[in-house]
Amino acid sequence: MTEEYTEYHPVKGSMEDHTDNTADHHTSDHASGGQAPADQIYKITFSDNESSRQLFGEHNRNLMRIAAGTDCRIHARGNTVFIEGDPIARDLARNLLEQLYDLLRSGYPVYPNDIDYAVSVLSHDDRTRLKDIFMDTVYVTSKKRSITPKSHSQKAYIDAMRQFDIVFGIGPAGTGKTYLAMAMAVAALAKGTVNRIILTRPAVEAGETLGFLPGDLTDKVDPYLRPLYDALHDMMRFEKASKLMEQGVIEVAPIAFMRGRTLNDSFIILDEAQNTTSEQMKMFLTRIGFSSKAVITGDVTQVDLPPNRISGLIEARNILQSIKGIGFVFFSKADVVRHRLVQDVIDAYEKLDEMKRKQK
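Reading the values: the criteria
Here, residues in each chain are numbered from 1, in the same order as that chain's written sequence. Residue-level local features of this predicted model are given only where pLDDT is at least 70; pairs of side-chain atoms are given and counted only at 80 or more, and the full residue set underlies all totals for whole chains, interfaces and linings. Water and hydrogen atoms play no part in the side-chain values, which are based on all heavy atoms of the structure. Only residues above 30% relative accessible area that lack a salt bridge enter a patch, with like-charged residues linked at up to 9 Å and the nonpolar side chains Val, Leu, Ile, Met, Phe, Trp and Tyr linked at up to 5 Å. To measure how exposed things are, a 1.4 Å probe is used in the Shrake-Rupley method; for residues, cover is taken only from the protein chains shown. Any Lys or Arg side-chain nitrogen located within 4 Å of an Asp or Glu carboxyl oxygen qualifies as a salt bridge. Segments assigned H or I by DSSP are reported as helices when at least four residues long, segments assigned E as strands when at least two residues long, and all are numbered from the N terminus. In this description, strands pair whenever DSSP reports at least two bridges between them. Inter-axis angles, ranging from 0 to 180 degrees, are taken between N-to-C directions of lines fitted to C-alpha atoms, where helices are fitted over the stretch in contact. By nonpolar core we mean a set of buried residues, namely Ala, Val, Leu, Ile, Met, Phe, Trp, Tyr and Cys, connected to one another through side-chain atoms within 4.5 Å. Relative accessibility thresholds used throughout: buried, under 20% of the residue-type maximum; exposed, over 50%; partly exposed, between the two (1.4 Å probe, protein chains only). Contacts were defined at the residue level, with two residues in contact if any of their heavy atoms lie within 4.5 Å. An angle below 35 degrees is treated as roughly parallel, one above 145 as roughly antiparallel, one from 65 to 115 as roughly perpendicular, and anything else as oblique. Side-chain classes are defined by residue name, with Ala, Val, Leu, Ile, Met, Phe, Trp, Tyr, Cys and Pro counting as nonpolar, Asp, Glu, Lys and Arg as charged, and the others, Gly among them, as polar. Whenever two N or O atoms come within 3.5 Å, that pair is a polar contact, provided that in protein one can donate a hydrogen and the other can accept it, and provided that, for residues adjacent in sequence, both atoms are side-chain atoms.

**Student:** How do you make sense of a nonpolar patch on the surface when you look at a structure like this?
**Tutor:** Residues V345, Y349, L352 and M355 make up a contiguous nonpolar surface patch of about 380 Å² in total accessible area. Within the secondary structure, M355 sits in helix α12 (residues 340-359).

**Student:** I tried to follow the sheet that holds strand β12 (residues 326-330) on my own but got confused; where do I start?
**Tutor:** Each strand in a sheet pairs with its neighbour through backbone hydrogen bonds, running either in the same direction (parallel) or in the opposite one (antiparallel). Overall, parallel pairing links the 6 strands, which are arranged β9-β8-β10-β11-β7-β12 in an open sheet. In this open sheet, the two edge strands, each paired with only one partner strand, are β9 (250-254) and β12. Taken over all neighbouring pairs, the strand axes of this sheet differ in orientation by 15 degrees on average, direction set aside. Here strand β10 (residues 266-270) pairs with strand β11 (residues 293-298) via 4 bridges, running parallel. Each bridged residue has a counterpart across the sheet, and for L270 the counterpart in β11 is I296.

**Student:** Could you clarify how one ought to interpret the nonpolar core in this entry?
**Tutor:** Most often, soluble globular proteins keep nonpolar side chains buried together rather than apart. Counting residues in each nonpolar core, the largest one holds 38 residues, and the members touching the most others are Y157, M161, M182, V186, L199, I250 and F267. Within the residue set of this core, elements represented by two or more residues are α6 (152-163), α7 (177-191), β8 (196-201), α8 (217-235), α9 (238-246), β9 and β10. The leading source of residues in this core is α7, at 10 residues. Residues contacting I250, with those up to four places away along its chain left out, are L189, I197, L199, L232, M236, L244 and M245. L55, L63, C72 and I74 belong to the second-largest nonpolar core, a separate cluster that totals 33 residues.

**Student:** Sorry if this is basic, but what is going on with unusual backbone geometry here?
**Tutor:** Glycine aside, the phi torsion of most residues is negative, and most peptide linkages are trans. We note that D265 has phi near 50 degrees; this positive angle belongs to a residue other than glycine. Locating D265 in the fold gives a position in the loop between β9 and β10. Of note in this structure, E272 is not a glycine but carries a positive phi near 55 degrees. On the secondary structure map, E272 appears in the loop between β10 and α10 (278-285). For E272, a relative accessible area of 27% puts it in the partly exposed group.

**Student:** Can you help me understand the packing of helix α1 (residues 49-56) against helix α2 (residues 61-70) in this one?
**Tutor:** For any two helices packed against each other, the geometry comes down to the angle between their axes and how far apart the axes lie. One way to put it is that α1 packs onto α2 with a least axis distance of 5 Å and a crossing angle of 55 degrees. By the angle class used here, α1 and α2 are oblique. Counting all contacts with α1, which are made through Q54, L55 and F56, the residues of α2 involved are R61, N62 and L63. The residue makeup of the contact of α1 with α2, split by class, is 3 nonpolar, 2 polar and 1 charged.

**Student:** What exactly am I supposed to notice about the environment of H124 here?
**Tutor:** Here H124 shows up in helix α4 (residues 112-124). When the C-alpha positions of H124 and A334 are compared, they lie 9.3 Å apart, and in sequence the two are 210 residues distant.

**Student:** Help me understand the pairing of strand β4 (residues 80-84) in this model?
**Tutor:** Looking along a regular strand, one sees the side chains alternate between the two faces of the sheet. Within β4, 5 of the 5 residues are buried, which leaves the element mostly enclosed by the surrounding structure. A two-sided burial pattern is seen for β4, the buried positions comprising T80, F82 and E84 on one face and V81 and I83 on the other. Relative to β4, strand β2 (residues 41-46) runs antiparallel, the two being bridged by 5 bridges. Opposite Y42, over in β4, you have I83 as the bridge partner. In terms of strand pairing, strand β3 (residues 73-77) meets β4 through 5 bridges, oriented antiparallel. Bridge pairing links R77 to T80 in β4. In textbook terms, the turn of a hairpin is the stretch between consecutive antiparallel strands, and for β3 and β4 this stretch comprises 2 residues, one of which, G78, has a positive phi near 65 degrees.

**Student:** Would you take a moment to explain the side chain of Q154 for this structure?
**Tutor:** With respect to the helices, strands and loops of the structure, Q154 is situated in helix α6. Here the side chain of Q154 touches K150 through a polar contact of 2.8 Å, landing on its backbone nitrogen. In contact with Q154, other than residues within four places in its own chain, are T148, P149, T175, G176, L180, F331, D335 and V337.

Pasting the structure below:
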(Lines give C-alpha, C1' and ligand atoms only; values in the text may rest on other atoms or scores of the structure.)
Protein backbone atom coordinates (compact mmCIF):
# COMPACT_ATOMS: atom_id res chain seq x y z
CA MET A 1 0.00 0.00 0.00
CA THR A 2 1.25 3.46 -0.80
CA GLU A 3 2.97 5.45 1.96
CA GLU A 4 0.69 8.42 1.36
CA TYR A 5 -1.32 7.43 4.43
CA THR A 6 0.40 9.25 7.26
CA GLU A 7 -1.93 7.82 9.89
CA TYR A 8 -4.13 4.74 10.15
CA HIS A 9 -5.01 3.44 13.61
CA PRO A 10 -7.87 3.15 16.11
CA VAL A 11 -8.69 6.44 17.80
CA LYS A 12 -9.47 6.65 21.51
CA GLY A 13 -12.54 8.56 22.59
CA SER A 14 -15.86 9.24 20.88
CA MET A 15 -16.37 10.46 17.34
CA GLU A 16 -17.39 13.87 18.60
CA ASP A 17 -13.97 14.29 20.27
CA HIS A 18 -12.34 14.28 16.84
CA THR A 19 -14.85 16.08 14.62
CA ASP A 20 -16.74 19.31 14.70
CA ASN A 21 -20.36 20.10 13.92
CA THR A 22 -19.70 21.70 10.54
CA ALA A 23 -20.84 20.50 7.12
CA ASP A 24 -17.68 18.36 6.99
CA HIS A 25 -19.48 15.38 8.46
CA HIS A 26 -22.68 15.06 6.44
CA THR A 27 -21.99 11.33 6.26
CA SER A 28 -23.20 10.91 9.84
CA ASP A 29 -26.67 10.74 8.33
CA HIS A 30 -25.82 7.21 7.20
CA ALA A 31 -25.05 5.85 10.64
CA SER A 32 -26.11 2.31 11.34
CA GLY A 33 -27.43 3.41 14.70
CA GLY A 34 -25.95 3.91 18.16
CA GLN A 35 -22.54 5.14 19.31
CA ALA A 36 -19.72 2.69 18.59
CA PRO A 37 -17.11 1.84 21.23
CA ALA A 38 -13.96 3.93 21.05
CA ASP A 39 -11.83 1.10 19.71
CA GLN A 40 -14.09 0.90 16.65
CA ILE A 41 -13.20 4.38 15.39
CA TYR A 42 -10.47 4.56 12.77
CA LYS A 43 -8.60 7.64 11.68
CA ILE A 44 -6.93 7.98 8.27
CA THR A 45 -5.06 11.07 7.15
CA PHE A 46 -4.29 11.53 3.45
CA SER A 47 -1.33 13.72 2.59
CA ASP A 48 -2.26 14.90 -0.91
CA ASN A 49 -4.73 17.77 -0.78
CA GLU A 50 -6.05 17.53 -4.34
CA SER A 51 -6.51 13.75 -4.26
CA SER A 52 -8.24 14.06 -0.88
CA ARG A 53 -10.59 16.70 -2.26
CA GLN A 54 -11.52 14.45 -5.19
CA LEU A 55 -11.88 11.44 -2.90
CA PHE A 56 -14.21 13.21 -0.49
CA GLY A 57 -16.25 14.82 -3.27
CA GLU A 58 -18.06 18.14 -3.33
CA HIS A 59 -19.60 18.75 0.09
CA ASN A 60 -18.29 15.29 1.06
CA ARG A 61 -20.81 13.61 -1.23
CA ASN A 62 -18.45 10.74 -2.02
CA LEU A 63 -17.94 10.10 1.68
CA MET A 64 -21.70 10.06 2.13
CA ARG A 65 -21.95 7.49 -0.66
CA ILE A 66 -19.21 5.36 0.90
CA ALA A 67 -20.89 5.57 4.30
CA ALA A 68 -24.21 4.45 2.83
CA GLY A 69 -22.56 1.60 0.93
CA THR A 70 -20.58 0.28 3.89
CA ASP A 71 -23.07 0.98 6.70
CA CYS A 72 -20.56 3.13 8.57
CA ARG A 73 -20.46 6.61 10.01
CA ILE A 74 -17.74 8.64 8.28
CA HIS A 75 -16.69 12.11 9.41
CA ALA A 76 -14.05 14.31 7.83
CA ARG A 77 -11.97 17.26 9.00
CA GLY A 78 -9.34 18.61 6.68
CA ASN A 79 -7.62 15.65 5.03
CA THR A 80 -8.49 13.34 7.91
CA VAL A 81 -11.31 10.80 7.89
CA PHE A 82 -12.85 9.16 10.95
CA ILE A 83 -14.63 5.83 10.43
CA GLU A 84 -17.05 4.37 12.96
CA GLY A 85 -18.84 1.05 12.69
CA ASP A 86 -18.66 -2.66 13.37
CA PRO A 87 -15.28 -4.26 12.52
CA ILE A 88 -16.31 -5.72 9.14
CA ALA A 89 -18.02 -2.57 7.91
CA ARG A 90 -15.25 -0.34 9.23
CA ASP A 91 -12.53 -2.41 7.52
CA LEU A 92 -14.48 -2.35 4.26
CA ALA A 93 -14.74 1.45 4.41
CA ARG A 94 -11.05 1.78 5.24
CA ASN A 95 -10.07 -0.55 2.40
CA LEU A 96 -12.35 1.31 0.01
CA LEU A 97 -11.02 4.75 0.94
CA GLU A 98 -7.39 3.72 0.66
CA GLN A 99 -7.83 2.01 -2.70
CA LEU A 100 -9.93 4.81 -4.20
CA TYR A 101 -7.29 7.30 -3.04
CA ASP A 102 -4.61 5.16 -4.66
CA LEU A 103 -6.60 5.14 -7.92
CA LEU A 104 -6.85 8.93 -7.84
CA ARG A 105 -3.12 9.24 -7.20
CA SER A 106 -2.56 7.03 -10.25
CA GLY A 107 -4.60 9.34 -12.47
CA TYR A 108 -7.87 7.39 -12.53
CA PRO A 109 -10.90 9.72 -12.24
CA VAL A 110 -13.25 8.27 -9.64
CA TYR A 111 -16.92 8.91 -10.41
CA PRO A 112 -19.84 8.30 -8.02
CA ASN A 113 -20.81 5.08 -9.83
CA ASP A 114 -17.24 3.83 -9.42
CA ILE A 115 -17.77 3.98 -5.67
CA ASP A 116 -20.81 1.73 -5.95
CA TYR A 117 -18.91 -0.74 -8.14
CA ALA A 118 -15.95 -0.68 -5.73
CA VAL A 119 -18.20 -1.38 -2.74
CA SER A 120 -19.66 -4.38 -4.56
CA VAL A 121 -16.24 -5.72 -5.61
CA LEU A 122 -14.61 -5.38 -2.19
CA SER A 123 -17.70 -6.70 -0.40
CA HIS A 124 -17.32 -9.96 -2.33
CA ASP A 125 -13.54 -10.16 -1.95
CA ASP A 126 -11.68 -7.69 0.24
CA ARG A 127 -8.32 -8.87 -1.13
CA THR A 128 -9.10 -7.50 -4.59
CA ARG A 129 -6.85 -4.77 -5.96
CA LEU A 130 -9.20 -2.28 -7.59
CA LYS A 131 -6.33 -1.13 -9.82
CA ASP A 132 -6.24 -4.53 -11.50
CA ILE A 133 -9.87 -4.10 -12.55
CA PHE A 134 -10.57 -0.39 -12.92
CA MET A 135 -7.31 0.51 -14.68
CA ASP A 136 -7.49 -2.23 -17.32
CA THR A 137 -8.42 0.12 -20.14
CA VAL A 138 -10.16 -1.63 -23.03
CA TYR A 139 -10.75 1.39 -25.24
CA VAL A 140 -10.78 5.19 -25.07
CA THR A 141 -13.86 6.63 -26.80
CA SER A 142 -13.99 9.64 -29.10
CA LYS A 143 -15.08 11.63 -26.06
CA LYS A 144 -11.84 10.59 -24.27
CA ARG A 145 -13.69 8.37 -21.83
CA SER A 146 -11.90 5.19 -20.82
CA ILE A 147 -13.91 1.98 -20.96
CA THR A 148 -12.76 -0.39 -18.22
CA PRO A 149 -14.23 -3.40 -16.41
CA LYS A 150 -16.13 -2.65 -13.20
CA SER A 151 -16.40 -6.09 -11.57
CA HIS A 152 -14.63 -9.43 -11.24
CA SER A 153 -16.85 -10.97 -13.91
CA GLN A 154 -16.30 -8.09 -16.32
CA LYS A 155 -12.54 -8.42 -15.84
CA ALA A 156 -12.77 -12.19 -16.46
CA TYR A 157 -14.86 -11.45 -19.57
CA ILE A 158 -12.26 -9.04 -20.95
CA ASP A 159 -9.46 -11.53 -20.25
CA ALA A 160 -11.46 -14.33 -21.93
CA MET A 161 -11.95 -12.23 -25.08
CA ARG A 162 -8.20 -11.64 -25.18
CA GLN A 163 -7.44 -15.33 -24.75
CA PHE A 164 -10.12 -17.25 -26.69
CA ASP A 165 -11.45 -17.04 -30.24
CA ILE A 166 -14.99 -17.89 -29.14
CA VAL A 167 -16.40 -16.43 -25.93
CA PHE A 168 -19.87 -16.73 -24.42
CA GLY A 169 -21.02 -14.01 -22.01
CA ILE A 170 -24.17 -15.15 -20.23
CA GLY A 171 -26.08 -13.21 -17.61
CA PRO A 172 -28.79 -10.67 -16.82
CA ALA A 173 -29.35 -7.37 -18.59
CA GLY A 174 -27.17 -4.46 -17.62
CA THR A 175 -24.00 -6.41 -16.88
CA GLY A 176 -22.02 -4.93 -19.78
CA LYS A 177 -21.87 -8.05 -21.94
CA THR A 178 -22.58 -6.37 -25.28
CA TYR A 179 -20.98 -3.04 -24.42
CA LEU A 180 -17.61 -4.53 -23.43
CA ALA A 181 -17.65 -6.85 -26.44
CA MET A 182 -18.24 -3.81 -28.64
CA ALA A 183 -15.35 -1.97 -26.97
CA MET A 184 -13.05 -4.94 -27.58
CA ALA A 185 -14.18 -5.09 -31.23
CA VAL A 186 -13.56 -1.38 -31.87
CA ALA A 187 -10.19 -1.62 -30.10
CA ALA A 188 -9.20 -4.61 -32.27
CA LEU A 189 -10.19 -2.71 -35.42
CA ALA A 190 -8.22 0.35 -34.33
CA LYS A 191 -5.13 -1.80 -33.67
CA GLY A 192 -5.47 -3.57 -37.02
CA THR A 193 -5.81 -7.05 -35.53
CA VAL A 194 -9.10 -7.46 -37.45
CA ASN A 195 -10.25 -5.91 -40.71
CA ARG A 196 -13.93 -5.62 -39.94
CA ILE A 197 -16.59 -5.80 -37.25
CA ILE A 198 -19.80 -7.76 -37.74
CA LEU A 199 -22.67 -7.18 -35.32
CA THR A 200 -25.67 -9.48 -35.45
CA ARG A 201 -28.69 -10.58 -33.47
CA PRO A 202 -32.02 -12.31 -34.07
CA ALA A 203 -34.17 -9.83 -35.99
CA VAL A 204 -37.42 -10.73 -34.26
CA GLU A 205 -37.77 -12.34 -30.85
CA ALA A 206 -39.98 -15.22 -32.03
CA GLY A 207 -37.97 -15.99 -35.16
CA GLU A 208 -37.13 -14.24 -38.41
CA THR A 209 -40.79 -13.44 -39.26
CA LEU A 210 -40.28 -9.99 -40.80
CA GLY A 211 -42.96 -10.07 -43.45
CA PHE A 212 -45.74 -8.52 -41.39
CA LEU A 213 -43.66 -5.50 -40.37
CA PRO A 214 -44.03 -2.26 -42.42
CA GLY A 215 -41.35 -0.87 -44.74
CA ASP A 216 -38.47 -2.36 -46.72
CA LEU A 217 -35.98 -4.81 -45.26
CA THR A 218 -33.86 -2.09 -43.62
CA ASP A 219 -36.96 -0.57 -41.99
CA LYS A 220 -38.00 -4.00 -40.75
CA VAL A 221 -34.75 -5.03 -39.08
CA ASP A 222 -33.34 -1.69 -37.85
CA PRO A 223 -35.46 -1.48 -34.68
CA TYR A 224 -34.12 -4.85 -33.53
CA LEU A 225 -30.52 -3.85 -34.26
CA ARG A 226 -30.80 -0.42 -32.64
CA PRO A 227 -29.09 -1.45 -29.36
CA LEU A 228 -26.00 -2.44 -31.37
CA TYR A 229 -26.00 0.92 -33.17
CA ASP A 230 -26.33 2.70 -29.83
CA ALA A 231 -23.31 0.90 -28.37
CA LEU A 232 -21.28 1.54 -31.54
CA HIS A 233 -22.05 5.26 -31.57
CA ASP A 234 -21.01 5.47 -27.93
CA MET A 235 -17.54 4.24 -28.95
CA MET A 236 -16.89 6.50 -31.96
CA ARG A 237 -18.27 9.59 -33.60
CA PHE A 238 -21.43 9.14 -35.65
CA GLU A 239 -19.75 10.35 -38.85
CA LYS A 240 -16.86 7.90 -38.52
CA ALA A 241 -19.15 4.97 -37.70
CA SER A 242 -21.39 5.82 -40.67
CA LYS A 243 -18.40 5.99 -43.04
CA LEU A 244 -17.06 2.62 -41.82
CA MET A 245 -20.51 1.10 -42.29
CA GLU A 246 -20.74 2.50 -45.83
CA GLN A 247 -17.36 0.93 -46.59
CA GLY A 248 -18.46 -2.41 -45.18
CA VAL A 249 -15.81 -2.30 -42.46
CA ILE A 250 -18.60 -2.39 -39.87
CA GLU A 251 -21.66 -4.46 -40.69
CA VAL A 252 -24.86 -4.69 -38.67
CA ALA A 253 -27.26 -7.38 -39.82
CA PRO A 254 -29.78 -9.95 -38.57
CA ILE A 255 -28.40 -13.43 -37.99
CA ALA A 256 -30.24 -14.85 -41.03
CA PHE A 257 -27.81 -12.87 -43.21
CA MET A 258 -24.87 -14.90 -41.87
CA ARG A 259 -25.93 -18.06 -43.68
CA GLY A 260 -23.51 -19.29 -46.37
CA ARG A 261 -20.70 -16.90 -45.41
CA THR A 262 -17.18 -17.47 -44.11
CA LEU A 263 -16.04 -14.62 -41.88
CA ASN A 264 -12.26 -14.17 -41.88
CA ASP A 265 -10.23 -11.45 -40.10
CA SER A 266 -13.37 -10.31 -38.29
CA PHE A 267 -14.59 -9.53 -34.81
CA ILE A 268 -18.14 -10.90 -34.70
CA ILE A 269 -20.67 -10.20 -31.93
CA LEU A 270 -23.91 -12.14 -31.65
CA ASP A 271 -26.21 -10.30 -29.25
CA GLU A 272 -29.46 -11.55 -27.66
CA ALA A 273 -28.32 -15.07 -28.46
CA GLN A 274 -30.94 -16.61 -26.16
CA ASN A 275 -33.41 -15.95 -28.98
CA THR A 276 -31.50 -17.92 -31.58
CA THR A 277 -32.74 -21.37 -32.43
CA SER A 278 -30.49 -24.41 -32.21
CA GLU A 279 -30.06 -24.33 -35.99
CA GLN A 280 -29.18 -20.63 -36.03
CA MET A 281 -26.56 -21.02 -33.31
CA LYS A 282 -24.90 -23.92 -35.13
CA MET A 283 -24.97 -21.94 -38.38
CA PHE A 284 -23.43 -18.90 -36.71
CA LEU A 285 -20.62 -20.77 -34.95
CA THR A 286 -19.63 -22.52 -38.17
CA ARG A 287 -19.29 -19.19 -40.04
CA ILE A 288 -16.15 -18.24 -38.11
CA GLY A 289 -13.07 -18.20 -40.32
CA PHE A 290 -9.35 -17.64 -39.88
CA SER A 291 -8.03 -14.83 -37.66
CA SER A 292 -11.53 -14.12 -36.39
CA LYS A 293 -13.02 -13.79 -32.95
CA ALA A 294 -16.65 -14.35 -31.99
CA VAL A 295 -18.43 -13.18 -28.86
CA ILE A 296 -21.91 -14.49 -28.07
CA THR A 297 -23.99 -12.71 -25.45
CA GLY A 298 -27.39 -13.37 -23.95
CA ASP A 299 -29.62 -13.84 -20.92
CA VAL A 300 -31.04 -17.35 -20.61
CA THR A 301 -33.84 -16.07 -18.37
CA GLN A 302 -35.31 -13.91 -21.17
CA VAL A 303 -35.96 -16.40 -23.95
CA ASP A 304 -38.75 -15.21 -26.28
CA LEU A 305 -38.86 -18.24 -28.57
CA PRO A 306 -42.05 -20.32 -28.84
CA PRO A 307 -42.30 -23.02 -26.11
CA ASN A 308 -41.52 -25.80 -28.56
CA ARG A 309 -38.23 -24.23 -29.75
CA ILE A 310 -34.92 -24.82 -27.97
CA SER A 311 -32.77 -21.77 -27.29
CA GLY A 312 -29.51 -22.02 -29.19
CA LEU A 313 -27.70 -20.28 -26.33
CA ILE A 314 -28.92 -22.72 -23.68
CA GLU A 315 -28.04 -25.66 -25.88
CA ALA A 316 -24.56 -24.26 -26.62
CA ARG A 317 -23.98 -23.69 -22.91
CA ASN A 318 -24.81 -27.33 -22.24
CA ILE A 319 -22.68 -28.93 -24.95
CA LEU A 320 -19.70 -26.63 -25.62
CA GLN A 321 -18.24 -25.86 -22.19
CA SER A 322 -15.87 -28.84 -22.35
CA ILE A 323 -14.26 -27.71 -25.63
CA LYS A 324 -10.82 -26.18 -25.17
CA GLY A 325 -10.48 -22.79 -26.79
CA ILE A 326 -14.04 -21.70 -26.04
CA GLY A 327 -14.51 -19.40 -23.05
CA PHE A 328 -17.63 -19.08 -20.92
CA VAL A 329 -18.16 -16.19 -18.50
CA PHE A 330 -21.27 -16.06 -16.33
CA PHE A 331 -22.59 -12.81 -14.88
CA SER A 332 -24.93 -12.26 -11.95
CA LYS A 333 -27.02 -9.39 -10.64
CA ALA A 334 -23.93 -8.25 -8.68
CA ASP A 335 -22.36 -7.27 -12.03
CA VAL A 336 -25.17 -4.94 -13.11
CA VAL A 337 -23.71 -1.57 -14.11
CA ARG A 338 -26.93 0.25 -14.95
CA HIS A 339 -29.13 2.19 -12.54
CA ARG A 340 -28.85 0.76 -9.02
CA LEU A 341 -32.56 -0.18 -9.09
CA VAL A 342 -31.89 -2.65 -11.92
CA GLN A 343 -30.23 -5.00 -9.42
CA ASP A 344 -33.30 -4.80 -7.18
CA VAL A 345 -35.61 -5.49 -10.14
CA ILE A 346 -33.58 -8.55 -11.17
CA ASP A 347 -33.58 -9.77 -7.58
CA ALA A 348 -37.38 -9.40 -7.33
CA TYR A 349 -37.95 -11.39 -10.51
CA GLU A 350 -35.50 -14.09 -9.38
CA LYS A 351 -37.50 -14.47 -6.17
CA LEU A 352 -40.73 -14.67 -8.18
CA ASP A 353 -39.27 -17.37 -10.45
CA GLU A 354 -38.10 -19.33 -7.42
CA MET A 355 -41.57 -19.09 -5.87
CA LYS A 356 -43.15 -20.36 -9.10
CA ARG A 357 -40.76 -23.32 -9.22
CA LYS A 358 -41.63 -24.28 -5.66
CA GLN A 359 -45.34 -24.15 -6.43
CA LYS A 360 -45.01 -26.61 -9.33
